[in-house]
Amino acid sequence: MCLGIPMTVLDDGPYAAMCGRGEEVRSVSMRLVGPQVPGTRVLVHIDTAIRVLDDQEAEAIDRALEGLAAAMEGRAFEHLFADLIDREPMLPAHLRS
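Position numbers for residues count from 1 along each chain, tracking the sequence in the order it is written. Restriction of local features to residues with pLDDT of at least 70 applies here, the model being predicted, together with a cutoff of 80 or more for giving and counting side-chain atom pairs; totals for whole chains, interfaces and linings are based on all residues. To get the side-chain values, take all heavy atoms of the structure and skip hydrogens and water.

A. How the structure looks around the environment of valine 25. Within the fold, valine 25 resides in strand β3 (residues 24-29). As for valine 25 and glutamine 56, which are separated by 31 residues in sequence, their C-alpha atoms are 22 Å apart. In what follows, a contact means two residues having at least one pair of non-hydrogen atoms within 4.5 Å. The residues contacting valine 25, other than those within four sequence positions of it, are Leu10, Met18, Cys19 and Gly20. Helical segments are the DSSP runs of H or I of at least four residues, strand segments are the runs of E of at least two, and each set is numbered from the N terminus.

B. How the structure looks around the side chain of aspartate 62. On the secondary structure map, aspartate 62 appears in helix α1 (residues 55-72). Throughout, exposure labels follow a simple rule: accessible area from a 1.4 Å probe, protein chains only, divided by the maximum for the residue type, with under 20% read as buried, over 50% as exposed, and the rest as partly exposed. We classify aspartate 62 as buried; its relative accessible area is 17%. Dropping the residues within four chain positions of it, aspartate 62 is found in contact with Pro6, Arg21 and Arg41.

C. Looking closely at unusual backbone geometry. In the Ramachandran plot, isoleucine 46 falls in the positive-phi region, its phi being about 50° despite a non-glycine side chain. Structurally, isoleucine 46 is set in the loop between β4 (41-45) and β5 (48-53). Residue aspartate 86 is not a glycine yet carries a positive backbone phi of 65°. With respect to the helices, strands and loops of the structure, aspartate 86 is situated in the segment after α1.

D. Spatial organisation of the side chain of arginine 41. Mapped onto the elements of the fold, arginine 41 is located in strand β4. Any pair of N or O atoms that falls within 3.5 Å is considered a polar contact. Within protein, one atom must be able to donate a hydrogen and the other to accept it, and sequence-neighbouring residues count only if both atoms are side-chain atoms. In this structure the side chain of arginine 41 is engaged in a polar contact, spanning 3.3 Å, whose partner is the side chain of threonine 8. Side chain to side chain, arginine 41 and aspartate 62 meet in a polar contact 2.8 Å long. Residue contacts for arginine 41: discarding those within four places in its chain leaves Pro6, Met7, Thr8, Val52, Leu53, Asp55, Ala58, Glu59 and Asp62.

E. Structural detail: the packing of aromatic side chains. We call Phe, Tyr and Trp rings a pair once their centres come within 6.5 Å, taking the six-membered ring for Trp, and we label the pair stacked below 30 degrees between planes, edge-to-face above 60, and tilted otherwise. As enumerated under the stated definition, the model contains 1 aromatic pair in all. The interplanar angle of 80° and the centroid separation of 6.3 Å between the aromatic rings of phenylalanine 77 and phenylalanine 81 together place this pair among those described as edge-to-face. Residue phenylalanine 77 is classed as partly exposed on the basis of its relative accessible area of 30%.

What follows is the structure in structure tokens.
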């Protein structure tokens, strides 16, 4: 399974930017999203920014990733999926009949 990881642009460049997540800092290609100012959150897949994220979406992805890690380690994770508890699952709009 491949995952996109939210990262924060730390230092921009025309084609690549230094991006960070926690202690990790790496060079990320910005060719698909264009140059971004430091502080911008981007979704990174295989060292390529594939989409610019707003803060709310980046936080939701961060919580989901933290929840998956907690579940795999046998720790409590339900609080990280509070937005999903007590609601029925819904298909994306393009898959609804």
